[in-house]
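# Tertiary structure, described
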Amino acid sequence: MRYLIASLICSVAPAFAACPKGEFLFAGAAYCVKAHRHVNLPIDDGDRRKTPGGWVADTASVDPKAYIGPKAQVYEFAQVVGKARIKESARIKGEAQIYAADISGSVSVTDKVVVYKATLAGSRVYLGGYVAVHDGAQILDRASIIGDQGEIVIRDQAIVRQDAVIRGEAKIMGKSRIEGHAHIDDQAELRDTIVADDAKVYKQAHLEDAVVFGSAQIYGSAHVDAESYVYGDARVYGETRVSDGAWLCKGFYDKGVVLDKDTQCKPPTQRIWDDAR
């Protein structure tokens, strides 16, 4: 029994062993690496004190003007440039590049992600693969952005939040808002569009100034634009174009043009209607 206990202690001891001076065990890493604590410059002219920041691997690069919170980590080959703010338990790793962005909460940024003048904040935000988030975009809550086919681009005032998932090489632009459990994939392009609930948009679908929610799906080479709504369990695919403020709440649409005069659905719920206007 003593031998068994001793063996168990020896087997788990390395996991709790302290790193040598000048090294740190980063989140998810198997061993300690050379690292140092970032030194944060005074926040304003009235306070001349420098404060200790989070750990930075010697292989990573952090601008002296950046703010790295005491619990944040920057490692592997990540770069933080300019007056970026990395706070709380955020993790920046891989070859990620952060430029003048605000990142806080339990956020993980890895691989080839580039964030420029954008906000990432939430309890479980993940960005990986090839992703570019810039020019005022926001990734919030528990959203996941995974560029696993090409580069995902999220820009302008677009917001991805709650449990939404963006994959493939989708483009989210303008004042788009992706929320709920919505799923955007492949080469889909959205501009000034809301996708909510359990709705899905994928393949080469193109949406502009549209609202999609419920369990609706838009895929293939379908186009939805001009203040049109697709909701309920409607399916729009193929070469279909939905335009002119049409309301589709059920059925399958695989070709042709669907306009407002062609639809017989009731107006969308007040919540979605108010949000979209």
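Reference entry: report on the structure contained in this document. On a predicted model such as this, the values are computed, not experimentally measured, just so you know.

### Considerations on the pairing of strand β26 (residues 223-230)
- With six bridges joining them, strand β24 (residues 206-212) and β26 adopt parallel strand pairing. Its bridge partner being in β26, L207 is matched across the sheet by V224.
- Of the strand pairs in this sheet, β26 and strand β28 (residues 241-242) are connected by two bridges, and their pairing is parallel. Across the sheet, the residue bridging to H223 is R241, located in β28.
- Both β26 and strand β29 (residues 247-248) contribute to a ladder of two bridges, which runs parallel. Of the residues in β29, the one forming a bridge with Y229 is W247.

### Regarding the environment of F26
- On the secondary structure map, F26 appears in the loop between β1 (23-24) and β2 (33-40).
- We classify F26 as buried; its relative accessible area is 3%.
- For the pair F26 and K93, spaced 67 residues apart in sequence, the C-alpha separation works out to 9.8 Å.
- When sequence neighbours within four positions are dropped, the list of residues in contact with F26 reads V33, A35, W55, V56, A57, Q73, V74 and Y75.

### Notes on the state of the cysteines
- Evaluation of the coordinates by the stated rule reveals two disulfides.
- Sulfur-sulfur distance for the disulfide between C19 and C32 comes to 1.9 Å. Between C19 and C32, the S-S torsion sits near -75°, and that sign places the bridge as left-handed. Remark: C32 occurs in the loop between β1 and β2 and C19 occurs in the loop between α1 (2-16) and β1; sequence separation between them is 13 residues.
- By relative accessible area, which is 23% here, C19 ends up partly exposed.
- The side chain of C249 participates in a disulfide bridge whose partner is C265; the two sulfur atoms lie 2.2 Å from each other. Taking the sign of the S-S torsion, about -85° here, the bridge from C249 to C265 comes out left-handed.

### Concerning the nonpolar core
- In this structure, I98, I139, I154, I178, I184 and I218 are the most contacted members of the largest nonpolar core, which totals 62 residues.
- If one sorts the elements of this core by residue count, strand β13 (residues 119-134) sits on top with five residues.
- For I98, the residues in contact, after removing those within four places along its chain, are Q79, V80, V81, A84, I86, I92, I103, V109 and V115.
- One finds A196, V211, F213 and Y231 within the second-largest nonpolar core, a separate group that totals eight residues.

### Examining the pattern of salt bridges
- Applying the stated criterion across every chain, the model contains nine salt bridges.
- Ionic pairing is found between D163 and R142, a salt bridge with its closest N-O pair at 2.8 Å. Taken as a pair, D163 in the loop between β16 (159-160) and β17 (165-167) and R142 in the loop between β14 (138-140) and β15 (144-154) lie far apart in primary sequence, 21 residues in all.
- A relative accessible area of 22% means that D163 is categorised as partly exposed.
- The salt bridge involving R177 is made with E179; its shortest N-O contact spans 2.6 Å.

### Here's the deal with the packing of aromatic side chains
- All chains considered together, the criterion is met by seven aromatic pairs.
- Geometrically, the ring pair formed by Y99 and Y116 is edge-to-face, given 6.5 Å between the ring centres and 65° between the ring planes. In this pair, Y99 is assigned in strand β10 (residues 97-99) and Y116 in strand β12 (residues 114-116), connecting sequence segments 17 residues apart.
- Consider the rings of Y202 and Y219, whose centres lie 4.9 Å apart with planes at 10°: the pair is stacked. With Y202 in the loop between β23 (200-201) and β24 and Y219 in the loop between β25 (217-218) and β26, this residue pair connects regions lying 17 residues apart in the sequence. The same class applies to Y202 as to Y219, namely buried.
- Its guanidinium or amino end placed over the ring of Y67, R85 lies 4.7 Å from that ring's centre, counting from NZ or CZ.

Conventions used here
Residues numbered from 1 in each chain as written. Predicted model: local features only at pLDDT ≥ 70, side-chain atom pairs only at ≥ 80, totals over all residues. Heavy atoms only, no water. Pairing = 2+ DSSP bridges. Helix = DSSP H or I, 4+ residues; strand = E, 2+ residues; numbered from the N terminus. Buried < 20%, exposed > 50% of the residue type's maximum accessible area, 1.4 Å probe, protein only. Contact = heavy atoms within 4.5 Å. Disulfide = S-S within 2.5 Å. Core = buried A, V, L, I, M, F, W, Y, C linked by side-chain atoms within 4.5 Å. Salt bridge = Lys/Arg side-chain N within 4 Å of Asp/Glu carboxyl O. Phe/Tyr/Trp six-rings, centres within 6.5 Å; stacked < 30°, edge-to-face > 60°. Lys NZ or Arg CZ within 6 Å of the ring centre and 35° of its normal.

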